[in-house]
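# Structural description and commentary
The lines below spell out each chain.
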Amino acid sequence: MKAPRTLIREAVRERLVANLPEVDERLTASRISIHRTMPLVPGKLPALLITTATERIEDTPNAHPGLRYRKLELAVDVVTTGSQADEEAETIAQAVEGFLDADDTLGTMIEGLRLTRTDLEYDLDGDTPVLGLRLLYEVSYWTQPLEDEEAPVPMQVLISTLSVPRTSDIGLREHVAEQPAVHETFDQTLCDCMAFLRTRP
């Protein structure tokens, strides 16, 4: 079974593979990778790398012991070269932003993703300058322990929160305060955690 971070990278790649050839026909599936080790050579650019880095676990009072609300940093690196490298990188990055905005839950796999910033790097050494434009996203999602006695190692698995009924914005704090300390169902616990997080500044 794949780790949640791998599944998220694969889901982002799937959407970009399906749409980016409309923007630049050179961006075939072989040029869009979820691995940092993909060779980047001038003859195979432009290319995209989809990677993950730091992750933090948010505080979720009254949560089920195994339930975790995560904030993951995901990067989409657009790598280009040649005399039009800047323009190509900016065009591709704009398309990436648009396609991911159009499906910011990755088909309800995650709670949401949002673009937080872009960074530009370039390498002018050698005969062929290379430019990299990085889009940094914050990915919010939930995991719970895999309840399988036959699993080789304990694992956290992705869960979709969009099927959990949303508490109305009116009286959220009252709703959380009125919940008993011990919850009878996992779904109720998850709903309480989500409600609490929506009250935070």
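Up top you'll find the structure we're talking about.
Residues numbered from 1 in each chain as written. Predicted model: local features only at pLDDT ≥ 70, side-chain atom pairs only at ≥ 80, totals over all residues. Heavy atoms only, no water.

### Here we look at helix H2 (residues 85-101)
Under the convention used in this document: In this text, helices come from DSSP runs of H or I with a minimum length of four residues, and strands from runs of E with a minimum of two, each type numbered from the N-terminal end. How far a helix is expected to stretch is found by multiplying one less than its residue total by 1.5 Å. We call a residue buried when its accessible area falls under 20% of the maximum for its residue type, exposed when it is over 50%, and partly exposed in between, using a 1.4 Å probe and counting protein chains only. Our arc is simply the arc of the directions from the helix axis toward the C-beta atoms.
A rise of 1.5 Å per residue sets the reference length of H2, with its 17 residues, at 24 Å; its end C-alpha atoms lie 24 Å apart and thus fit the reference within 8%. Looking at H2, one finds that the buried residues are Ala-85, Ala-89, Ile-92, Ala-93, Ala-95, Val-96 and Leu-100. Summarising the axial view, the buried residues of H2 lie within an arc of 160°, below the 170-degree limit, and thus occupy one face. Of the exposed residues in H2, those oriented more than 90 degrees away from the buried face are Glu-90 and Gln-94.

### Describing the packing of helix H1 (residues 4-19) against H2
Inclusion rule: Axis definition: a line fit to C-alpha positions, over the contact stretch in the case of helices; interaxial angles, taken between N-to-C directions, run 0 to 180 degrees. By convention the crossing between two helices is left-handed if the near helix lies anticlockwise of the far one by an angle smaller than a right angle, and right-handed if it lies clockwise. Any pair of residues with heavy atoms lying within 4.5 Å of one another is described as a contacting pair. Residue polarity is assigned by list, with Asp, Glu, Lys and Arg as charged and Ala, Val, Leu, Ile, Met, Phe, Trp, Tyr, Cys and Pro as nonpolar; anything else, Gly included, falls into the polar class.
Two elements in contact, H1 and H2, have axes separated by 10 Å at closest approach and are oriented at 115°. Here H1 runs over H2; the crossing is right-handed. Where H1 approaches H2, its residues Val-12, Leu-16 and Asn-19 are matched on the opposing element by Val-96, Phe-99 and Leu-100. For the contact of H1 with H2, the per-class residue count stands at five nonpolar, one polar and no charged.

### Side note on H1
Here H1 contains 16 residues, and its C-alpha end-to-end distance of 23 Å stays within 8% of the 22 Å for a straight helix at 1.5 Å per residue. As for H1, its buried residues are in contact with strand S1 (32-33), strand S2 (47-58), strand S3 (68-81), H2, strand S5 (130-145) and strand S6 (156-159).

### Looking at the layout of surface pockets
Unoccupied space between atoms shows up once a probe the size of one water molecule is rolled over them. Where we set the bar: A pocket, in this scheme, is an open set of points on a 1 Å grid over the protein atoms alone with protein on both sides within 12 Å along at least 5 of 7 lines, while a cavity is a set where a 1.4 Å probe fits but cannot get out; residues line either one if an atom lies within 4 Å of a point. Grid points are joined across faces, edges and corners, and a volume is the space filled by probe spheres set on the points.
As a volume, the second largest pocket reaches approximately 210 Å³. If one sorts the elements of the lining of the second largest pocket by residue count, S5 sits on top with five residues. The residue inventory of the lining of the second largest pocket, partitioned by class, reads seven nonpolar, one polar and five charged.

### Quick look at the side chain of Thr-80
Note the cut-off: We define a polar contact as two N or O atoms separated by no more than 3.5 Å, with the added condition that, inside protein, one atom must be a possible hydrogen donor and the other a possible acceptor, whereas residues neighbouring each other in sequence contribute only through side-chain atom pairs.
Considering the arrangement of structural elements, one finds Thr-80 in strand S3. Relative accessible area serves as the criterion here: at 0%, Thr-80 is assigned to the buried category. A polar contact is formed between the side chain of Thr-80 and the backbone oxygen of Ala-85, at a distance of 3.0 Å. Those residues in contact with Thr-80, other than ones at most four positions away along the chain, are Leu-45, Pro-46, Ala-85, Glu-88, Ala-89, Ile-92, Pro-129, Val-130 and Leu-131.

### As for the nonpolar core
Note the threshold: Residues belong to one nonpolar core when they are buried, are Ala, Val, Leu, Ile, Met, Phe, Trp, Tyr or Cys, and are joined through side-chain atoms within 4.5 Å.
Ranked by internal contacts, the top residues of the largest apolar core, which has 31 residues, are Ile-8, Leu-16, Leu-48, Val-76 and Val-96. If you list the elements that add at least two residues to this core, you get H1, S2, S3, H2 and S5. Of the residues forming this core, the biggest block, seven residues, is contributed by H2. What Val-96 contacts, discounting residues up to four positions off in sequence, is Leu-16, Leu-20, Leu-48, Val-76, Leu-135 and Tyr-137. Residues Met-38, Leu-45, Leu-49 and Val-79 belong to the second largest nonpolar core, which totals five residues.

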